[in-house]
Amino acid sequence: MDWNFQTLSLLSIPLISAVVGWVTNYLAVKMMFYPIEFVGIKPFLGWQGLIPAKRRQMAEIEVELVLGKLLSVEELAQRLDPDELTKAIERRLSQVIRKVVNNVMAESAPQMWAALPVQGKDLVYQRIENDIPNVVHKMVDDFQHNVSEILDIKELVVEQLVNSPELINEIFLTAGSKEFPFIVRSGLYFGFLFGLPTMLLWHFYQAWWILPLGGLLVGYATNWIAIKIIFEPKRPRKIGPFTIQGMFLKRQKEVSEVYSSIIEDKLITPKNITNVILHGSGSAQLLELIELHVNDAIERYVAIAQPYFALGVGSENYHKMKALAVQQIFDNSEKYLLYAYDYANGAMQIGQDLSLRMQALSAEEFEGVLRPAYQQDEWKLIVTGALLGMAAGFMQLYLVFL
């Protein structure tokens with residue numbers, strides 16, 4: 001009976017090592033992404049997922065290594081056709097313009113505007129609406145030539161990911177949909193293999209420190225090897241009849257497609273682009289562009305009515321009127337630009353182009369899509385695995401052999 005118990009106890013070492021490897025790798029993956037917000041007492045007593053905690057740095061790395069090199073805002077802007085864009089927003093823009101004209105005239109020249117008959121107001125509206133395609137065309141041309149000053153792709157990507165930690169998790173989890181489960185499973189396999197020498201050593205030399213040390217080595221080695229297998233070797237390497245390559249790099253085409261789809265659908269969208277150009281660091285340049293073309297249009301509209309218009313409004317109010325019109329058209333931009341989202345999304349073709357360009361990256365460049373999720377803090381995951389493994393070794397020593 002004692003012999004059977006000792007044999008079973010001895011055989012439990014590689015089995016428990018396998019469980020330790022699986023648990024430590026499972027926790028290592030989870031700790032990369034969760035919890036999204038810090039849980040515990042800041043700054044040290046608690047935990048936040050490594051990627052959500054460093055999402056700004058992660059986002060900047062993604063822009064630097066992938067998006068910033070593959071997506072040119074100048075190129076994307078050139079794909080917008082002014083005529084098609086005008087068709088998309090014209091109806092809603094006309095409604096906004098009517099409201100702006102009413103507000104501006106009611107404030108700048110209330111008596112003259114009130115005295116103008118309905119037919120006269122309709123003529124004003126009609127003249128402006130007829131000129132909308134011309135104005136929009138000029139504005140789009142200017143936007144295309146100055147887009148780098150108005151839209152910063154780094155600002156767009158980084159701010160979106162900082163404000164949406166769930167999204168940066170989704171990008172990495174989706175891109176690594178095969179690799180992260182492999183890390184967890186590999187802990188089971190490698191844990192069992194590493195448990196075998198520990199079993200043999202314990203059989204011949206039963207020092208108390210062997211099991212904790214074995215657990216530490218299992219926790220450390222399973223995490224380290226799993227990460228290495230995912231990214232090494234970078235290029236296909238023949239070993240006898242077998243060809244080996246890092247798991248992630250082998251899936252370059254598949255990863256490029258799913259990664260690009262998320263970027264197009266949830267990150268670099270017309271809505272997010274609009275939000276950045278209206279509220280980001282380039283909004284002042286956009287306001288200047290609108291001011292230039294709106295003022296030019298107003299000068300042309302009122303030229304026919306001079307000097308009557310100037311007498312009715314006055315020089316000072318005339319300048320205020322133009323400033324107010326510019327500001328209101330800018331402030332109402334989202335109301336008409338949202339009608340351009342479907343057209344812009346189809347015209348820019350972000351997902352399709354990004355996927356093809358990612359597939360053409362070298363292995364070293366493609367590694368940057370996912371590796372930053374590991375590289376900065378992978379030592380923490382490995383050390384955590386080692387400590388958990390050592391703790392499991394002490395538990396095994398206490399529960400089974402003492």
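Residues numbered from 1 in each chain as written. Predicted model: local features only at pLDDT ≥ 70, side-chain atom pairs only at ≥ 80, totals over all residues. Heavy atoms only, no water.

Going by what an unreviewed UniProt entry lists, the chain is known as DUF445 family protein and is assigned to Alteromonas hispanica. Of the chain, the UniProt comment under Subcellular location (unreviewed entry) reads exactly: "Endomembrane system". (UniProt positions renumbered as here; feature names shortened; annotations may be inferred.)

Let's shift gears to the pattern of salt bridges. Under the defined criterion, the tally for this structure stands at 16 salt bridges. Between Arg-79 and Asp-353 there is a salt bridge, with its nearest N and O atoms 2.4 Å apart. Residue Arg-79 is found in the loop between helix 4 (73-78) and helix 5 (82-108), and its partner Asp-353 is found in helix 20 (residues 350-359); the two are separated by 274 residues along the sequence. The partly exposed category is assigned to Arg-79, whose relative accessible area is 24%. (Salt bridge = Lys/Arg side-chain N within 4 Å of Asp/Glu carboxyl O. Helix = DSSP H or I, 4+ residues; strand = E, 2+ residues; numbered from the N terminus. Buried < 20%, exposed > 50% of the residue type's maximum accessible area, 1.4 Å probe, protein only.)

Counting 97 residues, the largest nonpolar core has Leu-67, Phe-248, Tyr-259, Leu-267, Ile-268 and Met-358 as the members making the most contacts within it. Leu-10, Trp-202, Ile-210 and Leu-211 belong to the second largest nonpolar core, which has 8 residues in total. (Core = buried A, V, L, I, M, F, W, Y, C linked by side-chain atoms within 4.5 Å.)

A few words now on the environment of His-293. Tracing the sequence through the fold places His-293 in helix 15 (residues 283-303). When the C-alpha positions of His-293 and Val-326 are compared, they lie 9.1 Å apart, and in sequence the two are 33 residues distant. Beyond its immediate stretch of four places on either side in the chain, His-293 contacts Val-135, Lys-138, Met-139 and Asp-142. (Contact = heavy atoms within 4.5 Å.)

Running from N to C, helix 8 (residues 153-163) and helix 9 (residues 165-175) cross one another at 105°; their axes reach a closest spacing of 4 Å. Of the possible angle classes, the one that applies to helix 8 and helix 9 is roughly perpendicular. Here helix 8 contributes Leu-161, Val-162 and Asn-163 to the contact with helix 9, which in turn contributes Pro-165, Leu-167, Ile-168 and Ile-171. Taken together, the residues that form the contact of helix 8 with helix 9 break down as 6 nonpolar, 1 polar and no charged. (Axes fitted to C-alpha atoms, helices over the stretch in contact; angles between N-to-C directions. Parallel < 35°, antiparallel > 145°, perpendicular 65-115°, else oblique. Nonpolar A, V, L, I, M, F, W, Y, C, P; charged D, E, K, R; others polar.)

Next up on the list: the UniProt feature "transmembrane region" (unreviewed entry) in the chain. As recorded in UniProt, the sites labelled "transmembrane region" (unreviewed entry) are residues 6-28, 182-202, 208-231 and 381-401. With 100% helix and 0% strand, residues 182-202 has its two end C-alpha atoms placed 30 Å apart. For the annotated span residues 208-231, helix accounts for 92% and strand for 0% of the residues, and the straight-line distance between the end C-alpha atoms is 37 Å.

This brings us to the side chain of Ser-260. With respect to the helices, strands and loops of the structure, Ser-260 is situated in helix 13 (residues 252-267). Within polar-contact distance, the side chain of Ser-260 engages the backbone nitrogen of Ser-355 at 3.0 Å. Those residues in contact with Ser-260 that sit more than four places away from it in its chain are Gly-351, Leu-354, Ser-355 and Met-358. (Polar contact = N/O pair within 3.5 Å; in protein donor to acceptor, adjacent residues only side chain to side chain.)

To continue, consider a nonpolar patch on the surface. On the surface, Leu-200, Leu-201, Phe-204, Tyr-205, Trp-208, Trp-209, Leu-213, Leu-217 and Phe-394 cluster together into a nonpolar patch covering about 1000 Å² of accessible area. Mapped onto the nonpolar patch, the elements with two or more residues apiece are helix 10 (179-204) and helix 11 (210-231). No other element matches the 3 residues that helix 10 contributes to the nonpolar patch. Among the secondary structure elements, Trp-208 is positioned in the loop between helix 10 and helix 11. (Patch = residues over 30% accessible without salt bridge, like charges linked within 9 Å, V, L, I, M, F, W, Y side chains within 5 Å. Areas by Shrake-Rupley, 256 points an atom, 1.4 Å probe, with all protein chains shown as cover.)

This part is about the confidence of the model for the chain. Within the chain, residue pLDDT values average 83, and 93% of them lie at 70 or more. The least confident element of the chain, judged by mean pLDDT, is helix 16 (residues 308-313) at 58; the most confident is helix 13 at 89. (pLDDT = per-residue confidence, 0-100.)

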